[in-house]
Amino acid sequence: MNKKTKEDFLAGQILLIDKPLNWSSFHAVNALKWGIRKKFGLKKIKIGHAGTLDPLATGLLIICTGKFTKRIPELQGQTKEYTGTITLGATTPSYDLETKIDKTYPTDHLTEELIKSTTFKFLGKIEQIPPIFSALKKDGKRLYEFAREGKEVTIKSRKIEILEFEIIKIQLPEVHFRVRCSKGTYIRSLAHDFGKALDSGGHLSSLRRTKIGDYNVNKAVTPDVFKEQML
């Protein structure tokens, strides 16, 4: 990987970062920002990411610098691909492992055929309700703030598109999947709704973003490797 100059970063770069587990997207952007500023003695540099990843997810985060920050809306609109694991038989309030299991359900009725055929219910343009444990705003407040206060709140559904939903492997209660979807899709909500459709409950137990448009995580590096190789 070629080392970049100060002028390169100011003119604009698209950086492919493999976000580590338990890092927020903001944490990853900040790590790069401070690394670039320190290396080149810059007081400030424009930098931002094109699509948040939850701390419990890993994978592709596109970070833009300098004049390329103007391209963020265009990049955010690209289709995205994820791989991950849905654990059936139990739900959590956050739809993932951020919160503890609140209800358990039987899984004896589940078959490979039923699991695979149920994916077809989610293909195409569908209405999806985002999780209450999300950073979306309602009445000037983040939804997760309402959730942590134990307040009930009505969340509007939104139109999304699931282009592909493939079951890769079944090791009950775990189901490994690959999804290609539109901007605005919550994979946590998909996991929750998939479990509901199977009458078994479900929550997202792992998630990795593998692609954004034509950008692939196999070309990405971790923030630490970026600082070693590019700065």
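Here is what the cut-offs are and how they apply
Residues numbered from 1 in each chain as written. Predicted model: local features only at pLDDT ≥ 70, side-chain atom pairs only at ≥ 80, totals over all residues. Heavy atoms only, no water. Pairing = 2+ DSSP bridges. Helix = DSSP H or I, 4+ residues; strand = E, 2+ residues; numbered from the N terminus. Salt bridge = Lys/Arg side-chain N within 4 Å of Asp/Glu carboxyl O. Core = buried A, V, L, I, M, F, W, Y, C linked by side-chain atoms within 4.5 Å. Buried < 20%, exposed > 50% of the residue type's maximum accessible area, 1.4 Å probe, protein only. Arc of directions from axis to C-beta. Contact = heavy atoms within 4.5 Å. Polar contact = N/O pair within 3.5 Å; in protein donor to acceptor, adjacent residues only side chain to side chain. Axes fitted to C-alpha atoms, helices over the stretch in contact; angles between N-to-C directions. Parallel < 35°, antiparallel > 145°, perpendicular 65-115°, else oblique. Left-handed = near helix turned anticlockwise from the far one by under 90°. Nonpolar A, V, L, I, M, F, W, Y, C, P; charged D, E, K, R; others polar.

Visitor: Mind showing me how you'd approach the pairing of strand 12 (residues 202-212) here?
Guide: Where a strand is regular, its side chains alternate between the two sheet faces. With 3 bridges joining them, strand 3 (residues 57-65) and strand 12 adopt parallel strand pairing. What sits directly across from G59, in strand 12, is R209. Sheet topology note: the strand 4 (residues 80-88)/strand 12 ladder contains 9 bridges and is antiparallel. Directly across from T87, in strand 12, lies its bridge partner H203. The sheet contact formed by strand 12 and strand 13 (residues 215-216) spans 2 bridges and is antiparallel. By the bridge assignment for strand 13, K211 is matched with N216. The hairpin formed by strand 12 and strand 13 contains 2 residues between the paired strands, and G213 there has a positive phi angle of roughly 60 degrees.

Visitor: Help me out: how do you make sense of the pattern of salt bridges in this one?
Guide: In a structure, side chains of opposite charge can pair up when their charged atoms sit close to one another. Evaluated as defined, the whole model comprises 10 salt bridges. Residues K159 and E127 are paired through a salt bridge, measuring 3.1 Å at the closest nitrogen-oxygen approach. Of this pair, K159 sits in strand 10 (residues 158-171) while E127 sits in strand 7 (residues 124-128), placing them 32 residues apart in sequence.

Visitor: Can you help me understand the nonpolar core in this one?
Guide: Generally speaking, soluble globular proteins have nonpolar side chains that are buried together. Counting 24 residues, the largest nonpolar core has I115, I162, F165, F177, V179, I187 and F194 as its most contacted members. For this core, the secondary-structure elements that each account for two or more residues are strand 4, strand 10, strand 11 (174-181), helix 6 (187-197) and strand 12.

Visitor: Can you walk me through helix 7 (residues 223-230) in this structure?
Guide: Each α-helix winds once per 3.6 residues, and so residues spaced three or four apart point in a common direction. All of the buried residues in helix 7 are P223, F226 and M230. One face of helix 7 carries all of its buried residues, which in axial projection span an arc of 60 degrees. Buried residues along helix 7 sit in contact with helix 1 (6-11), strand 1 (13-19) and helix 2 (25-40).

Visitor: I would appreciate a short explanation of the side chain of S189 in the present structure.
Guide: Mapped onto the secondary structure, S189 falls in helix 6. What makes S189 buried here is its relative accessible area of 0%. Within the structure, the side chain of S189 is placed 2.8 Å from the backbone oxygen of I129, a separation counted as a polar contact. If we ignore the near neighbours within four places in the chain, the residues touching S189 are Y95, Q128, I129, P130 and P131.

Visitor: How should the packing of helix 2 against helix 7 be read in this particular structure?
Guide: When two helices pack together, their arrangement is given by the angle between the helix axes and by the axis-to-axis distance. Closest axis-to-axis distance for the helix 2/helix 7 pair is 10 Å, and the angle between their directions is 20 degrees. On the basis of their axis angle, the class for helix 2 and helix 7 is roughly parallel. The way helix 2 lies across helix 7 gives a crossing that is right-handed. Across the interface between the two elements, A31, L32, G35 and I36 from helix 2 touch P223, F226 and K227 from helix 7. Its residues assigned to classes, the contact of helix 2 with helix 7 comprises 5 nonpolar, 1 polar and 1 charged.

Visitor: Looking at this structure, I do not really get unusual backbone geometry. What am I missing?
Guide: What you tend to see is this: most non-glycine residues have negative phi, and most peptide bonds are trans. That bond from L172 to P173 is cis: its omega, 10 degrees, falls within 30 degrees of zero. In this structure, P173 sits in the loop between strand 10 and strand 11. Unlike most non-glycine residues, N22 shows phi in positive territory, near 70 degrees. With respect to the helices and strands, the residue N22 is situated in the loop between strand 1 and helix 2. On the basis of relative accessibility, which here comes to 56%, the residue N22 falls in the exposed class. At D199, a residue that is not glycine, the phi angle is positive and equals roughly 55 degrees. With respect to the element layout, D199 can be found in the loop between helix 6 and strand 12.

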